[in-house]
Amino acid sequence: GIRVYAAVFLLAGLAGLAELFFVRRLPRPGRVRVAARGSSAPLAPPVRRFIRIVAISQMGAGFGPSFSILSMKVLGLGAGFAILLSGLGSAASLIGSTVVGGHLARGSASRTLRLSMVLRGSAMTLGLLAFPTNPLAWLVMCTVSVMASAGWAAGTLSASERLLRLTG
C-alpha cells in the first residue's frame, strides 16, 4: 500500500518541478503597470517572488494523497464512496473557480494564491483525522476533498492570472 502513495507523491513532485522549469524560462517582464481603479495600483511583485510562491504551492500539492485509494484500501470504504469524493471535488473546483474568478477581477492574485496554499495545507492536515478507527473518517475525507479541490482551483486561477499580468 505504501508504494502506491510513494509513486503518487513522486509523480506529483516531478510535475511540480517541470512546471517550475518552464515558468523560470519565461522572459522577465520588467515593470508592469496595472490600470488603477479609484487609486493607484501597486506594482506587480518581481518574477522571482512569483516563482518562489508557485514553488511552495506545487511542493505542497505533491503531498496530497490519492483520496480514492486511501478511502478504499485504508479506510475500507467502497468504490461508490470514491466516486462521491470525485464528484464532491469536481463540484468544489467548479464553485471555487467561479468565486475566485469573480474575486480576481477586483482583488489580489498574490493574496488569493497564498490563501489557496493555506486552504490546501489545512485540508492535508485535517486529513490526518481520517484513520481507520475514526467513525467519522468518511466525513473527514469528504471535507478534505472539498477543501483541497477548492484550494487547487483557487491556486491555479490566481497563479495563471498573476503570470498573465507579469508577462502581459
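Everything numeric here is computed off the predicted structure, so don't read it as measured data.

Chemist: Explanation requested: the overall build of the protein in the structure shown.
Modeler: When helices and strands are counted, the protein shows six helices and zero strands. Tracing the protein from N to C terminus, the helices and strands come up as α-α-α-α-α-α. Here the protein holds 168 residues, and the buried ones make up 34% of them. Sequence-distant contacts in the protein: of pairs separated by 6 or more residues, those separated by 24 or more amount to 78%.

Chemist: Quick question: what am I supposed to make of the confidence of the model for the protein here?
Modeler: The predicted model of the protein has a mean per-residue pLDDT of 76, with 66% of residues at 70 or higher. Averaged pLDDT values over the elements of the protein bottom out at 65 in helix α2 (residues 47-61) and peak at 86 in helix α4 (residues 79-104). Below a pLDDT of 50 lies the segment residues 40-44, which in the model reaches eight contacts outside its immediate sequence neighbourhood of four places, other chains included.

Chemist: Just to check I follow, could you spell out the nonpolar core for this structure?
Modeler: A general trend in soluble globular proteins is that nonpolar side chains are found buried together. Counting residues in hydrophobic clusters, the biggest one holds 13 residues, and the most contacted among them are Phe67, Leu75, Phe81, Leu85, Ala130, Met141 and Val144. Elements with a contribution of two residues or more to this core: α3 (67-74), α4 and α6 (137-167). The leading source of residues in this core is α6, at six residues. When residues no more than four places from it in sequence are discounted, the contact partners of Ala130 are Leu75, Ala137, Val140 and Met141.

Chemist: Would you mind going over a nonpolar patch on the surface with me for this structure?
Modeler: On the surface, a cluster of nonpolar side chains totalling about 420 Å² of accessible area is made up of Leu10, Leu11, Leu14 and Leu17. Classification of Leu14 by relative accessible area gives partly exposed; the value is 47%.

Chemist: Explain helix α5 (residues 109-126) to me, please; I cannot follow it from the model alone.
Modeler: With 18 residues, α5 extends 25 Å between its outermost C-alpha atoms, agreeing within 8% with the 26 Å of an ideal straight helix rising 1.5 Å per residue. Considered for burial, the residues of α5 that qualify are Ala109, Ser110, Thr112, Leu113, Ser116, Met117, Arg120 and Ala123. Projection of α5 onto a plane perpendicular to its axis shows the buried side chains occupying an angular sector of 165°, all on one side. Exposed residues on α5 whose side chains face more than 90 degrees from its buried face are Arg111, Leu115, Val118 and Thr125.

Chemist: How should I be thinking about the side chain of Ser158 in this particular structure?
Modeler: Take Ser158: it is sitting in helix α6. Relative accessible area serves as the criterion here: at 0%, Ser158 is assigned to the buried category. Here the side chain of Ser158 touches Ala154 through a polar contact of 2.7 Å, landing on its backbone oxygen.

Chemist: What exactly am I supposed to notice about the packing of α3 against α4 here?
Modeler: Packed helix pairs are specified by the crossing angle of their axes together with the interaxial distance, meaning the distance between the axes. It is at 9 Å that the axes of α3 and α4 come closest, and there the two elements cross at 155°. Judged by the inter-axis angle, α3 sits roughly antiparallel to α4. In this structure, α3 crosses over α4, and the sense of that crossing is right-handed. Side by side, α3 and α4 meet where Phe67, Ser68, Ser71 and Met72 of the first sit next to Ala79, Phe81, Ala82 and Leu85 of the second.

Chemist: Which parts of the structure should I look at to understand the side chain of Ser145?
Modeler: Assignment of secondary structure puts Ser145 in helix α6. With a relative accessible area of 3%, Ser145 lands in the buried category. Here the side chain of Ser145 touches Leu85 through a polar contact of 3.1 Å, landing on its backbone oxygen. Setting aside residues no more than four positions away along its own chain, Ser145 makes contact with Phe67, Leu85, Leu88 and Gly89.

Chemist: It is not clear to me how the environment of Leu163 should be interpreted in this structure. Could you clarify?
Modeler: Relative to the assigned elements, Leu163 resides in helix α6. Since its relative accessible area comes to 24%, Leu163 is described here as partly exposed. Separated by 54 residues in the primary sequence, Leu163 and Ala109 have C-alpha atoms spaced 9.5 Å apart.

About the criteria used
- Residues numbered from 1 in each chain as written.
- Predicted model: local features only at pLDDT ≥ 70, side-chain atom pairs only at ≥ 80, totals over all residues.
- Heavy atoms only, no water.
- Helix = DSSP H or I, 4+ residues; strand = E, 2+ residues; numbered from the N terminus.
- Buried < 20%, exposed > 50% of the residue type's maximum accessible area, 1.4 Å probe, protein only.
- Contact = heavy atoms within 4.5 Å.
- pLDDT = per-residue confidence, 0-100.
- Core = buried A, V, L, I, M, F, W, Y, C linked by side-chain atoms within 4.5 Å.
- Patch = residues over 30% accessible without salt bridge, like charges linked within 9 Å, V, L, I, M, F, W, Y side chains within 5 Å.
- Areas by Shrake-Rupley, 256 points an atom, 1.4 Å probe, with all protein chains shown as cover.
- Salt bridge = Lys/Arg side-chain N within 4 Å of Asp/Glu carboxyl O.
- Expected span 1.5 Å × (residues − 1).
- Arc of directions from axis to C-beta.
- Polar contact = N/O pair within 3.5 Å; in protein donor to acceptor, adjacent residues only side chain to side chain.
- Axes fitted to C-alpha atoms, helices over the stretch in contact; angles between N-to-C directions.
- Parallel < 35°, antiparallel > 145°, perpendicular 65-115°, else oblique.
- Left-handed = near helix turned anticlockwise from the far one by under 90°.

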